[in-house]
Amino acid sequence: MICLGIEGTAHTCGVGIVDENANILANELDMYRPERGGIHPREAANHHSEVVVTLINRAVASAGIQLRDVDVVCFSQGPGLGPCLRTVATAARALAMSLDRPIVGVNHCIAHLEVGVAKTECIDPVLLYASGGNTQVISFTNGRFRIFGETLDIGIGNMFDKLGRELGLGYYAGPKIEKLALEGDKLLELPYSVKGMDLAFSGIMTAAMAHRSRGERLEDICFSVQETCFAMLSEVTERAMAHIEKSEVLLGGGVVQNKRLRAMVAQMAHDRGGEMYVPEPKLCIDNGAMIAWTGMIMHRAGVRMKVEDTKVDQRFRTDEVEVTWR
Ligand code: FE2
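Residues numbered from 1 in each chain as written. Predicted model: local features only at pLDDT ≥ 70, side-chain atom pairs only at ≥ 80, totals over all residues. Heavy atoms only, no water.

Participant: Could you give an account of the coordination of the iron ion, with specific residues and numbers?
Facilitator: Only His108 (NE2), His112 (NE2), Tyr129 (OH) and Asp286 (OD) from the protein coordinate the iron ion, and they sit 2.1 to 2.2 Å from it. Here the iron ion binds four donor atoms, and the angle range of 87 to 166° at the metal identifies the geometry as irregular. Spacing between the donor residues of the iron ion along their common chain follows H-x3-H-x16-Y-x156-D. Here Tyr129 lies in strand E6 (residues 126-130) and His112 lies in helix H3 (residues 108-119), a separation of 17 residues in the sequence. Overall, the relative accessible area of 2% leaves His112 in the buried class. (Donors = N, O, S within 2.8 Å, 3.2 Å for Na, K, Ca; no water. Tetrahedral: all angles 85-135°; square planar, octahedral: opposite > 155°, others 65-115°. Helix = DSSP H or I, 4+ residues; strand = E, 2+ residues; numbered from the N terminus. Buried < 20%, exposed > 50% of the residue type's maximum accessible area, 1.4 Å probe, protein only.)

Participant: Tell me about the sheet that holds strand E12 (residues 275-277), and please be specific about residues and values.
Facilitator: In spatial order, the strands read E8-E7-E6-E11-E12; together these five strands make up an open sheet with mixed pairing. Single-partner strands in this sheet number two, and they are strand E8 (144-150) and E12. For this sheet, the mean angle separating the axes of adjacent strands, direction not counted, is 25°. As paired strands, strand E7 (residues 135-141) and E8 are joined by six bridges and run antiparallel to one another. Paired with Thr141 across the two strands is Arg144, which belongs to E8. Across the face of the sheet, helix H7 (residues 218-244) comes into contact with E6, E7, E8 and strand E11 (248-252) while running at roughly 160° to E6. (Pairing = 2+ DSSP bridges. Axes fitted to C-alpha atoms, helices over the stretch in contact; angles between N-to-C directions. Contact = heavy atoms within 4.5 Å.)

Participant: Can you tell me about the sheet that holds strand E2 (residues 12-19), naming the residues and giving the values?
Facilitator: Here we have five strands laid out as an open sheet, ordered E3-E2-E1-E4-E5, and mixed in their pairing. Single-partner strands in this sheet number two, and they are strand E3 (24-31) and strand E5 (103-107). In this sheet, adjacent strand axes meet at a mean angle of 20° when their direction is disregarded. Two elements, E2 and E3, share seven bridges in a ladder whose sense is antiparallel. Considered in E3, the bridge of Thr12 is made with Met31. Against the sheet, helix H2 (residues 82-99) engages strand E1 (2-7), E2, strand E4 (72-78) and E5, with an angle of about 165° to E4. In the packing of H3 onto the sheet, the strands contacted are E1, E3, E4 and E5, and the crossing angle to E5 comes to about 95°.

Participant: Give a detailed account of the packing of aromatic side chains, specifying residues and quantitative values.
Facilitator: Under the counting rule described, the total for this entry stands at three aromatic pairs. Taking the centre distance of 6.0 Å and the plane angle of 55° together, the rings of Phe160 and Phe230 count as tilted. Of the two residues, Phe160 sits in helix H4 (residues 156-166) while Phe230 sits in helix H7, which places them 70 residues apart along the sequence. An aromatic cluster is present here, built from Phe140, Phe145 and Trp325 joined pairwise through their rings. Looking at Arg326, its charged tip hangs above the ring of Phe140, at a distance of 5.1 Å from the centre. (Phe/Tyr/Trp six-rings, centres within 6.5 Å; stacked < 30°, edge-to-face > 60°. Lys NZ or Arg CZ within 6 Å of the ring centre and 35° of its normal.)

Participant: Give a detailed account of the domain arrangement of the protein, specifying residues and quantitative values.
Facilitator: Taken domain by domain, the protein comprises domain 1 (2-112 + 285-320) and domain 2 (124-278). Taking only C-alpha atoms into account, the centre of domain 1 sits 27 Å from that of domain 2. Taken together, the contact pairs 19 residues of domain 1 with 16 residues of domain 2. Interface area for domain 1 against domain 2, summed over the two sides, is near 1400 Å², with a carbon-plus-sulfur share of 57%. Of all residues in domain 1, the largest losses of buried area upon contact with domain 2 belong to His112, Thr318 and Asp319, amounting jointly to 34% of the total for that side. Taken together, the connections running from domain 1 to domain 2 amount to one salt bridge. (Domains from an automatic or database assignment. Buried area = accessible area lost by both parts, 1.4 Å probe. Salt bridge = Lys/Arg side-chain N within 4 Å of Asp/Glu carboxyl O.)

Participant: Provide a residue-level description of the side chain of Thr310, including the pertinent values.
Facilitator: Relative to the assigned elements, Thr310 resides in the segment after helix H10 (288-300). A residue is classified by how much of its surface remains accessible, and Thr310, at 0% relative accessible area, is buried. At 2.8 Å, the side chain of Thr310 and the side chain of Arg93 are in polar contact. Every residue in contact with Thr310, bar those within four places of it in the chain, is listed here: Phe75, Gln77, Arg93, Ile103 and Met305. (Polar contact = N/O pair within 3.5 Å; in protein donor to acceptor, adjacent residues only side chain to side chain.)

Participant: Kindly report on the pattern of salt bridges, identifying the contributing residues and their values.
Facilitator: Scanning all chains against the criterion turns up ten salt bridges. Residue Glu114 pairs with Arg326 through a salt bridge whose shortest N-O separation is 3.0 Å. Residue Glu114 is located in helix H3, and its partner Arg326 is located in the segment after H10; the two are separated by 212 residues in the primary sequence. In this structure Glu114 comes out as buried when scored by relative accessible area, which is 4%. With a shortest N-O distance of 2.8 Å, Glu235 and Arg239 are connected by a salt bridge. Of this pair, Glu235 and Arg239 both sit in helix H7, separated by four residues, roughly a single helical turn. One network of salt bridges, in which partners are shared, links Arg217, Glu219 and Asp220.

So, in structure tokens, the structure goes:
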């Protein structure tokens, strides 16, 4: 069986093709890059509509198959930006109908977890999902994927990008912040915003900017922001692991490319006698292969959707999904 998955919850439009053994036959993507400011949902959707057909053709070609070899068409049904979700859902419906194949809508957050399980050695992990739009700690327990902790305001990557813009570092500031942080050594006071099991990041950005206007070094600001935010993420992840007695932690999302975050989470896991797992970079960021693979295991477990079931959901909650494939 061959599944084609289309991802398009935010700035990335991706098309992946997988087989039933989780071999990734193709994983093509194209990212919308705003000229200035953050993601404009309508512009990102326009980007996706312009590139999605090319990406499908490129994926089919690099998988060495024909479009008619695709058995199931999958797409990211949510959560995400409405215009982006609607654009890729329309593309997926059109493709499924024209090929006369089943269609499966996939929860984007669950896809990050399932592809990690398929492509690393972990079996039953707690997922720390840290990206631009999302920051969640998720695990499968009592028949559902449950959110143990999440951001109450913005995703951590979103905060890094906003901070980067304010500090004049440009868009996709994460790698630049990481580099500057290596030269920092003074831990500035920032709000450590862990509320129960949830997190908040916008106050940290405001406090960081206040440090800047008091003349603190850029390097120390980046260092302090990383130390504070990553300690918060590690704490919530550790408490989730302790609560449900799991020893594996899986990383997902663009922010987990950060080496300092990995080191902190790996240390935490190690101290608990556990292990950290990280998929290859192209599977950590938003991509079509994770949608294709999750759609594959859902379809294999008997999930069937009519076109009317494929309505997108901007606030699609992880724990809403009825899990029949585990
Ligand atoms: Fe994502």
